[in-house]
Amino acid sequence: MASGMGLDKDSGETKGGMWDLDQKLDQPMDEEAGRLRNMYREKVGCGFSFSTFSSLLLLRLAFQSLGVVYGDLGTSPLYVFYNIFPHGIDDPEDVIGALSLIIYSLTLIPLLKYVFIVCKANDNGQGGTFALYSLLCRHAKIKTIPNQHRTDEELTTYSRTTFHEHSFAAKTKRWLEAYPFRKNSLLILVVIGTCMVIGDGILTPAISVLSASGGIKVDHPKMSNDVVVIVAVIILVGLFSVQHYGTDRVGWLFAPVVLLWFLLVGGIGIFNIWKYDSSVLRAFSPVYIYRYFRRRKKDGWTSLGGIMLSITGTEALFADLAHFPVSAIQLAFTVIVFPCLLLTYTGQAAYLMQNKEHVVDAFYRSIPDSIYWPVFIVATLAAIVASQATITATFSIIKQALAHGCFPRVKVVHTSKKFLGQIYIPDINWILMVLCIAVTAGFRNQSQIGNAYGTAVVIVMLVTTFLMTLIMSLVWRCHWVIVLVFTVLSLVVECTYFSAVLFKVDQGGWVPLVIAAAFFVIMYVWHYGTVKRYEFEMHSKVSMAWILGLGPSLGLVRVPGIGLVYTELASGVPHIFSHFITNLPAVHSVVVFVCVKYLPVYTVPEDERFLMKRIGPKSFHMFRCVARYGYKDLHKKDEEFERKLFDNLFLFVRLENMMEGCSDSDEYSLYGQQTQHSTDFLLRSNGNLTTGSNDFTCSTVDSIIPVQSPTQGNNNTVTSSGRESSQAETDEMEFLNRCRDAGVVHILGNTVVRARRDSRFYKKIAIDYIYAFLRKICRENSVIFNVPHESLLNVGQIFYV
């Protein structure tokens, strides 16, 4: 082996320095190659910036965001005042105090905190708790599954900053990385927030649709409450039944409906202020908040649970961030949403000043008779839109959790070819529907559902605050004083609300806690089992010395064909391979270890998805393919995935042989051929160019081909090394093609995980019962990878962890 190269004794993969293609592009070349070189550098050096938009485009995006982002927040006026005063209004001045609390809650939480601060902490446009966690994972080594590799950090979407050694950000990073307990605590915090968002996806449709359906009873007072519940259940069944069509097909209705809703409620608010009592405008003075608490004391404090409902939907605002720039979100909120919400709450307060006995259905009572039924129809449609927003947010956040190894394998269906973020998860959809109907039919009134709703929302906000503290320290690198001010102000407001909802745990607030606890057990046990299984595979992987000792034939008969051995290991030879060749007398002529790995990024570009490496000497014909995905990416069907894998394998062989045939003095060039995926290219190699066993990493699919023959020297004569390289390339390419034509077999491990006998009882319960049950009911790897059954080979083994 050439000097300067090292061989990893475990993985058999070469290691060395970094080689950048741009250095070779500085060498002399012909005019055409020079033109292509400059085009390459222009494309690599400058990207597309979406930070600025034309005014017309920004207005259009702001309009579209109304239907997706603000549906939940916009339907809160249907039920807020009833939940603030569930036992009636004793003093009209209490209405002024409650209105003042609503005004400042909307100003502090949705407007200042979320729209202008939290939304800026998105992961390339993706929102939600796991998006924040992914952002943190790229800036600190806090990921609990140890499958990171340095090549992952070279992705174009793996953006992160470096710290000064003595900076506050560096100290925070070291503090987080110091102990596994802190990493696990952070993951638990993220999982809790995710579970509460799932609870939100159950409670939002229940309370929104039930509140909207309650308008029927206002016009028909003698109607039984059972009829309202039945109507709500029918709407909910219909809503969940059409989820498989996706929001792309019906989404064009959302924005006009929500815009009409905001204009209607804002206009009705102005009418009520003018008609009933304009003195409610005094509520803009915070003095009335102090008077409200002094007058109502404990009742005023517990009523904060109802006031909390005025800002529900704020967490969905951040989770549904994917399709719109932050500037469009900010424009829509400040111009339409915020003013109209203030007007409608102020108008309801003005109505209640003279009709305090109508607090149970204040919204519908305050509507002028002439437009009652049109407003009722729009309110019902708006409630459906609000429910849709939280359901799709639930789908998105579960897919993020799935990519981080924190959720059992479920089927994910992409419902739109244009928008990758629009997904549908059948199993979760029906679970949400059953739980949502159970909550609606079980409680039968808005008050108890509202108590449950407020509990879920405030916990999500607290989780977001803690994550934002780390984001501001590690990612934004803010001064510690700014971080402290943001954290203290947020916690003062949110802990105040949290203390209020604790009083209502026994009045419905226990529902999201039970739902979250159930999902937390599922998610954490699944993640725990996944980590233990990965650690076992890391410790039991086969040493390269053992593989080399078997010889080129691996001590067995090499039958024609290609064997794709799926493994979770990104390096080393997995235990499943030794188990396979120990129990079977033959192995395929070409073996490719395939690792499908999810990274803490929102997407991995197509031309950077595959990493190809050679394992051992060429005569072994063993390769490694690491397929990298982001949490928003779609794993293509088997035919597409297999085609791209072999395209990368053949390209890797060509480039490897070409590098062998060229010395540093040879003149050669590569150019990027524009494809449907990418117009630029990138090569990386962890080894010397002249060695025969390069650990060569290629991150393009089919965008790199040689312009000149690499055997062309200064005297236009074909060198001996060039002939040998060309012949070797031809021979190996023909060999690979023959093996591919002979057949491809997918080899998957059918692993049974068991706790060791000396394990503690809680570990045995988690692994032997809960994790085992989840593995039985979730989808198999062959289904997730879309492997055809006729070419599938399962290898059974038992892991004791």
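Predicted model, so just to flag it, every value in this text is computed and none were measured.

Visitor: Help me out: how do you make sense of the overall build of the protein in this one?
Guide: In terms of helices and strands, the protein carries 30 helices and 15 strands. In the protein, 83% of the contacts between residues at least 6 apart in sequence involve partners at least 24 apart. Taken as a whole, the protein presents about 32,800 Å² of accessible surface, with 60% of it coming from carbon and sulfur.

Visitor: Before we go on, may I ask you to explain the sheet that holds strand β9 (residues 622–629) in this structure?
Guide: Either a parallel or an antiparallel arrangement is found when strands of a sheet pair, and the pairing is made through backbone hydrogen bonds. With mixed pairing, the 6 strands of this open sheet are ordered in space as β8-β9-β7-β6-β14-β15. Edge positions in the sheet fall to β8 (610–614) and β15 (792–800), since each has one partner strand and no second. Here the strands of the sheet are splayed against their neighbours by 25 degrees on average, with no regard to which way each runs. Of the pairings in the sheet, the one linking strand β6 (residues 557–566) to strand β14 (residues 744–754) comprises 4 bridges and is parallel in character.

Visitor: Just checking my understanding: could you explain the nonpolar core for this structure?
Guide: Soluble, globular proteins show a tendency: their nonpolar side chains are buried together. If you look at the biggest cluster of nonpolar residues, it comprises 160 residues, and the most contacted ones within it are Tyr 70, Phe 81, Ile 84 and Tyr 364. Looking at this core element by element, the count peaks at 17 residues for helix α22 (residues 446–475). Core analysis: the next-biggest nonpolar cluster, separate from the first, contains 27 residues, Met 612, Phe 623, Cys 625 and Leu 649 among them.

Visitor: Just to check I follow, could you spell out the pairing of β8 for this structure?
Guide: Each regular strand displays side chains that alternate between the two surfaces of the sheet. Within β8, 5 of the 5 residues are buried, which leaves it mostly tucked inside the rest of the structure. Side chains of β8 alternate between two faces, with Phe 610, Met 612 and Arg 614 and Leu 611 and Lys 613 buried alike. In the sheet, β8 pairs with β9 via 5 bridges, with the strands oriented antiparallel. Residue pairing in the sheet places Arg 614 in a bridge with Phe 623 of β9.

Visitor: Help me understand the environment of Thr 346, please; the structure alone is not making it clear to me.
Guide: Relative to the assigned elements, Thr 346 resides in helix α18 (residues 326–354). Thr 346 gets classed as buried once you look at its relative accessible area, which sits at 2%. Considered as a pair, Thr 346 and Ile 102 are 244 residues apart in the sequence and their alpha carbons are 9.4 Å apart. For Thr 346, the contacting residues outside a window of four places in its chain are Leu 99, Ile 273, Val 280 and Leu 281.

Visitor: Help me understand the side chain of Arg 609 in this model?
Guide: If you trace the backbone, Arg 609 turns up in the loop between β7 (586–598) and β8. Take Arg 609: its relative accessible area is 4%, and that puts it in the buried class. A distance of 2.6 Å separates the side chain of Arg 609 from the backbone oxygen of Val 604, its partner in a polar contact. Filtering out sequence-adjacent residues up to four positions away, Arg 609 remains in contact with Val 604, Val 626, Ala 627, Arg 628, Tyr 629 and Asp 633.

Visitor: Would you mind going over helix α21 (residues 426–443) with me for this structure?
Guide: Each turn of an α-helix holds 3.6 residues, which means side chains three or four residues apart point in the same direction. Compared with an ideal rise of 1.5 Å per residue, which puts 18 residues at 26 Å, α21 spans 26 Å between its outermost C-alpha atoms and is within 8% of the ideal. Taken residue by residue, α21 has Pro 426, Ile 428, Asn 429, Leu 432, Met 433, Cys 436, Ile 437, Val 439, Thr 440 and Phe 443 as its buried positions. Projected down its long axis, α21 carries its buried residues within an arc of 160 degrees, all on one side. More than 90 degrees from the buried face of α21, the exposed residues found are Val 434 and Gly 442. Count one or two residues on from α21 and you reach Arg 444, which has phi positive near 65 degrees.

Visitor: How should I be thinking about the pattern of salt bridges in this particular structure?
Guide: When their charged atoms lie close together, side chains carrying opposite charge are able to pair. Considering all chains together, one arrives at 12 salt bridges under this definition. Measuring nitrogen to oxygen at the nearest pair gives 3.4 Å for the salt bridge that ties Glu 93 to Arg 282. A residue pair is termed long-range when its members are at least 10 positions apart, and Glu 93 in helix α6 (residues 92–115) and Arg 282 in the loop between α13 (254–275) and α14 (287–296) qualify at 189 residues. Between Glu 606 and Arg 609 there is a salt bridge, with its nearest N and O atoms 3.2 Å apart. For the pair shown, Glu 606 and Arg 609 are each scored as buried. Where salt bridges share partners, they join Asp 91, Asp 94 and Arg 295 into one cluster.

Visitor: Any chance you could explain helix α11 (residues 225–241) here in plain terms?
Guide: Over its 17 residues, α11 extends 24 Å from the first C-alpha to the last, a length consistent with the 24 Å expected when each residue adds 1.5 Å. Buried residues of α11: Val 228, Val 229, Ala 232, Val 233, Ile 235, Leu 236, Leu 239 and Phe 240, and no others. All buried residues of α11 lie within an arc of 165 degrees about the axis, which places them on one face of the element. More than 90 degrees from the buried face of α11, the exposed residues found are Ile 230 and Ile 234.

Visitor: Got a minute to help me understand the confidence of the model for the protein in this structure?
Guide: Low pLDDT means the predicted coordinates in that region are not meant to be read closely. Chain-level pLDDT for the protein is 76 on average; 79% of the residues reach the 70-or-more range. For residues 1–52, every residue scores under 50 in pLDDT, and the model assigns this stretch 92 contacts once sequence neighbours within four places are set aside. Contacts of residues 662–721 to residues separated by more than four positions or lying in other chains number 159 contacts, the stretch itself having pLDDT below 50.

Visitor: What is the right way to read the packing of aromatic side chains from this model?
Guide: Here a ring pair, both rings aromatic, is described through the centre-centre distance and the interplanar angle of the planes. One pass over the structure, following the stated rule, counts 23 aromatic pairs. Summarising the aromatic geometry, the rings of Phe 271 and Trp 274 are spaced 6.1 Å apart at their centres and angled 45 degrees between planes, so their arrangement reads as tilted. Separated by 3 residues within a single helix, Phe 271 and Trp 274 lie in helix α13, roughly one turn from each other. With a centroid separation of 5.9 Å and an interplanar angle of 50 degrees, the aromatic rings of Phe 293 and Trp 301 are classed as tilted.

Visitor: I'm lost on the pairing of β14 in this one. Help?
Guide: Alignment of β14 against β15, held across 9 bridges, turns out to be parallel. Opposite Arg 754, over in β15, you have Tyr 800 as the bridge partner.

Visitor: Quick question: what am I supposed to make of unusual backbone geometry here?
Guide: Note: most peptide bonds trans; most residues except glycine with negative phi. The backbone of Arg 477 sits at a positive phi, close to 55 degrees, despite the residue not being glycine. As for its position among the elements, Arg 477 is in the loop between α22 and α23 (480–502). Residue Arg 477 is classed as partly exposed on the basis of its relative accessible area, which comes to 44%. Located in the positive-phi region is His 621, a residue other than glycine, with phi close to 50 degrees. Its location among the elements puts His 621 in the loop between β8 and β9. Residue His 621 is classed as buried on the basis of its relative accessible area, which comes to 17%.

Visitor: Before we go on, may I ask you to explain the environment of Leu 342 in this structure?
Guide: Tracing the backbone shows Leu 342 in helix α18. Put simply, Leu 342 and Pro 77 are 265 residues apart on the chain and 10.0 Å apart in space, counted from C-alpha to C-alpha. Among all residues touching Leu 342, those that are not within four sequence positions of it are Ile 103, Leu 106 and Phe 284.

Visitor: Is there a simple way to think about the side chain of Ser 213 in this case?
Guide: With respect to the helices, strands and loops of the structure, Ser 213 is situated in helix α9 (residues 180–213). Exposure remark for Ser 213: the relative accessible area of 1% places this residue in the buried category. Here the side chain of Ser 213 touches Val 209 through a polar contact of 2.8 Å, landing on its backbone oxygen.

Visitor: When you look at the packing of helix α3 (residues 55–69) against α13 in this model, what are you seeing that I'm missing?
Guide: Working note: a packed helix pair is described by the angle between its axes plus the distance between those axes. Between α3 and α13, the least distance of the axes is 7 Å, while the angle of their chain directions is 85 degrees. One finds that α3 runs roughly perpendicular with respect to α13. On α13, the residues touching Phe 63, Gln 64, Leu 66 and Gly 67 of α3 are Phe 254, Ala 255, Pro 256, Val 258, Leu 259 and Phe 262. For the contact of α3 with α13, a count of residues per class yields 8 nonpolar, 2 polar and no charged.

Cut-offs and rules
- Residues numbered from 1 in each chain as written.
- Predicted model: local features only at pLDDT ≥ 70, side-chain atom pairs only at ≥ 80, totals over all residues.
- Heavy atoms only, no water.
- Helix = DSSP H or I, 4+ residues; strand = E, 2+ residues; numbered from the N terminus.
- Contact = heavy atoms within 4.5 Å.
- Areas by Shrake-Rupley, 256 points an atom, 1.4 Å probe, with all protein chains shown as cover.
- Pairing = 2+ DSSP bridges.
- Axes fitted to C-alpha atoms, helices over the stretch in contact; angles between N-to-C directions.
- Core = buried A, V, L, I, M, F, W, Y, C linked by side-chain atoms within 4.5 Å.
- Buried < 20%, exposed > 50% of the residue type's maximum accessible area, 1.4 Å probe, protein only.
- Polar contact = N/O pair within 3.5 Å; in protein donor to acceptor, adjacent residues only side chain to side chain.
- Expected span 1.5 Å × (residues − 1).
- Arc of directions from axis to C-beta.
- Salt bridge = Lys/Arg side-chain N within 4 Å of Asp/Glu carboxyl O.
- pLDDT = per-residue confidence, 0-100.
- Phe/Tyr/Trp six-rings, centres within 6.5 Å; stacked < 30°, edge-to-face > 60°.
- Parallel < 35°, antiparallel > 145°, perpendicular 65-115°, else oblique.
- Nonpolar A, V, L, I, M, F, W, Y, C, P; charged D, E, K, R; others polar.

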